[in-house]
Amino acid sequence: WGSYLFILNLHFINNTLSIQQTHLLNSLSTLKLSMANADYVFSSLENIPEITYYLDIYSLKSKMLYSLKKSIRKQCDDLRNSNTAINSIRIYSNKPFLLYSDPFYPMDDIPLSEEETLLLTASQPTEIFWDVTPSESGNSMVIPELYAYKKLYAYNYDHVIGYMELKLNPQILSEYFSQFRD
């Protein structure tokens, strides 16, 4: 009986470890998919012509306000709401006479260090710059904030008109890391 119980226990342990490994792999796939969705959202933002007009073409604040109220906010909200992995969308610019209102912010408000900002401005046009910011809570068990940045170009790609920021929902990281607490 002793050897039978030993083999049964060994079989139970192997099955348990196999199930945990499968769960970890599935969770990792979900995390990777959530992060890959950032590229989809960036592509969608790049293909909204009103954003390009707002940042590069419009000079009258009345046109900016009309565009912002009529379509830009709605499209950005729809993008954010359709993707549960995205918590917020921001677009930063250093255009001096821009009407700064959500989702548009001055470049000085970007939550990156000077060194990180230089890395972002030097990044390749198709490259996504990832930034992991420790949570403001002093608790070491708190999941950090994850940001994705990408350059936004004018239609002819001859100059950068802004920098897009996506703040990923902390829930996607907490669900993944919660598996390691046990």
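Scroll up to find the structure this text is about.
Criteria and thresholds
Residues numbered from 1 in each chain as written. Predicted model: local features only at pLDDT ≥ 70, side-chain atom pairs only at ≥ 80, totals over all residues. Heavy atoms only, no water. Phe/Tyr/Trp six-rings, centres within 6.5 Å; stacked < 30°, edge-to-face > 60°. Buried < 20%, exposed > 50% of the residue type's maximum accessible area, 1.4 Å probe, protein only. Lys NZ or Arg CZ within 6 Å of the ring centre and 35° of its normal. Helix = DSSP H or I, 4+ residues; strand = E, 2+ residues; numbered from the N terminus. Lys, Arg positive; Asp, Glu negative; His and termini not counted. Salt bridge = Lys/Arg side-chain N within 4 Å of Asp/Glu carboxyl O. Polar contact = N/O pair within 3.5 Å; in protein donor to acceptor, adjacent residues only side chain to side chain. Axes fitted to C-alpha atoms, helices over the stretch in contact; angles between N-to-C directions. Parallel < 35°, antiparallel > 145°, perpendicular 65-115°, else oblique. Left-handed = near helix turned anticlockwise from the far one by under 90°. Contact = heavy atoms within 4.5 Å. Pairing = 2+ DSSP bridges.

S.K.: Help me get a handle on the packing of aromatic side chains, residues and values and all.
M.R.: Aromatic ring pairs are defined here through the distance separating the ring centres and the angle between the ring planes. Under the counting rule described, the total for this entry stands at seven aromatic pairs. Judged by centre distance (6.3 Å) and plane angle (25°), the rings of Tyr147 and Tyr149 are stacked. The same class applies to Tyr147 as to Tyr149, namely buried. Among the aromatic residues, those joined into a ring-pair cluster are Tyr53, Tyr58 and Tyr155. Positioned over the ring face of Tyr105 is Arg90, at 3.9 Å from the centre of the ring.

S.K.: Residues and numbers for the side chain of Glu165, please.
M.R.: Mapped onto the elements, Glu165 comes out in strand β5 (residues 160-168). Buried and without a salt bridge, Glu165 has Arg90 as its closest oppositely charged side chain, separated by 4.3 Å. In this structure the side chain of Glu165 is engaged in a polar contact, spanning 2.7 Å, whose partner is the side chain of Tyr149.

S.K.: Any chance you could break down the packing of helix α2 (residues 49-57) against helix α3 (residues 61-82) for me, citing the residues and the numbers?
M.R.: When two helices pack together, you describe them by how their axes are tilted relative to each other and by the distance separating the axes. Two elements in contact, α2 and α3, have axes whose closest approach is 9 Å; the angle formed by their N-to-C orientations is 140°. As the angle between them shows, α2 and α3 are arranged oblique. Here the hand of the crossing between α2 and α3 comes out left-handed. Across the interface between the two elements, Glu50, Ile51 and Tyr54 of α2 pack against Met64, Ser67, Leu68, Ser71, Ile72 and Cys76 of α3.

S.K.: Residue-level account of the sheet that holds strand β2 (residues 104-106), with values.
M.R.: Strand order in this open sheet of five strands is β2-β1-β5-β4-β3, and the pairing throughout is mixed. Every interior strand has two partners, whereas the edge strands, β2 and β3 (129-133), have only one. The mean inter-strand angle of the sheet, taken between neighbouring strand axes irrespective of direction, is 30°. Where strand β1 (residues 86-93) and β2 come together, three bridges link them in parallel fashion. Each residue of the ladder has a partner; that of Ser93, found in β2, is Pro106. Here helix α1 (residues 2-46) sits on the sheet in contact with β1, β3, β4 (145-153) and β5, set at roughly 145° to β5.

S.K.: Tell me about the pattern of salt bridges, and please be specific about residues and values.
M.R.: Taken as a whole, this structure holds five salt bridges when the rule is applied. With its nearest N and O atoms 3.1 Å apart, the salt bridge here joins Lys74 to Asp78. You can see Lys74 and its partner Asp78 sitting in helix α3, four residues apart, about one turn around the helix. When salt bridges that share partners are traced, they join Asp39, Glu46 and Lys150 into one network.

S.K.: Before we move on, can you summarise unusual backbone geometry with the specific residues and values?
M.R.: Geometrically, the link from Asp102 to Pro103 is a cis peptide bond, its omega value of 15° lying close to zero. With respect to the helices, strands and loops of the structure, Pro103 is situated in the loop between β1 and β2. In the Ramachandran plot, Tyr157 falls in the positive-phi region, its phi being about 60° despite a non-glycine side chain. Summarising the element assignment, Tyr157 is placed in the loop between β4 and β5. According to the relative accessible area criterion, Tyr157 is exposed, its value standing at 59%.

S.K.: How would you sum up the pairing of β4? Please name residues and give values.
M.R.: In terms of residue burial, β4 counts as a mostly covered element, since eight of its nine residues are buried. Relative to β4, β3 runs antiparallel, the two being bridged by five bridges. In the strand pairing of β4, Thr133 is matched with Glu145. As paired strands, β4 and β5 are joined by seven bridges and run antiparallel to one another. Paired with Leu152 across the two strands is Gly162, which belongs to β5.

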